[in-house]
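Okay, here's what each chain looks like letter by letter:
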Amino acid sequence: MSIEVRIPTILRPHTKNEKVVTGEGETVGELFTDLDTRHTGLKARVVTEEGALHRFVNVYINDEDVRFIGGLEAKLSDGDSVTILPAVAGGM
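Residues numbered from 1 in each chain as written. Predicted model: local features only at pLDDT ≥ 70, side-chain atom pairs only at ≥ 80, totals over all residues. Heavy atoms only, no water.

An unreviewed UniProt entry lists the protein chain under the name Molybdopterin synthase subunit MoaD, with Glycomyces sambucus given as the organism.

Below is the structure:
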């Protein structure tokens, strides 16, 4: 099963500046574990040591926020597209 993962600019040093990488896994958590075998340090930037998504990182499966469909346990299907987006905050 191949999953396309879109990488934001801030995480591209972990993927040798690749914008899109592929990985495998039946869940989002398994996908990040798989990706970390080839892109060391990527998982730690997205998943906490306690095994939850970092508060200021948003992950989407086919444009659906994983926080509403199971978090790291959200199921993946062959051909899914996962997007990692760091949350942006600020203002006046």
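Read on, since the account is not over.
A separate point is the overall build of the protein chain. Helices and strands together make up the secondary structure of the protein chain, namely two helices and five strands. Its helices and strands taken in sequence order, the protein chain reads β-β-α-α-β-β-β from the N to the C terminus. What you see for the protein chain is a C-alpha radius of gyration of 12 Å, in line with the 12 Å of a compact globule of 92 residues. Seen through its principal axes, the protein chain has C-alpha atoms that stretch 45 × 30 × 25 Å. Expressed as a percentage of the 92 residues in the protein chain, the buried residues total 41%. Distance between charge centroids for the protein chain: 8 Å, based on 10 positive and 15 negative side chains. (Helix = DSSP H or I, 4+ residues; strand = E, 2+ residues; numbered from the N terminus. Rg over C-alpha atoms; globule rule 2.2 N^0.38 Å. Buried < 20%, exposed > 50% of the residue type's maximum accessible area, 1.4 Å probe, protein only. Lys, Arg positive; Asp, Glu negative; His and termini not counted. Charge placed at Lys NZ, Arg CZ, Asp CG, Glu CD.)

Let's shift gears to the environment of Thr15. Inspection of the secondary structure assignment puts Thr15 in the loop between β1 (3-6) and β2 (20-23). Classification of Thr15 by relative accessible area gives buried; the value is 1%. For the pair Thr15 and Gly79, spaced 64 residues apart in sequence, the C-alpha to C-alpha distance is 20 Å.

A word on the pairing of strand β5 (residues 81-86). The pairing of β1 with β5 spans three bridges and is parallel. For Glu4, the partnering residue across the bridge sits in β5 and is Ser81. By the bridge criterion, five bridges tie strand β3 (residues 57-61) to β5 in an arrangement that is antiparallel. The residue bridging Ile61 from the neighbouring strand is Val82, located in β5. (Pairing = 2+ DSSP bridges.)

What follows covers the environment of Arg12. Along the polypeptide, Arg12 turns up in the loop between β1 and β2. Spatially, the C-alpha atoms of Arg12 and His39 are 9.5 Å apart, while their sequence positions differ by 27 residues. Dropping the residues within four chain positions of it, Arg12 is found in contact with Ile7, Asn17, Glu18 and Lys19. For Arg12, the side chain forms a polar contact with the main-chain oxygen of Ile7, separated by 3.0 Å. (Contact = heavy atoms within 4.5 Å. Polar contact = N/O pair within 3.5 Å; in protein donor to acceptor, adjacent residues only side chain to side chain.)

What follows is about the side chain of Thr27. As for its position among the elements, Thr27 is in the loop between β2 and α1 (28-38). Within the structure, the side chain of Thr27 is placed 3.1 Å from the backbone nitrogen of Glu30, a separation counted as a polar contact. With sequence-adjacent residues up to four places away left out, Thr27 is seen in contact with Leu72, Glu73, Ala74, Lys75 and Leu76.

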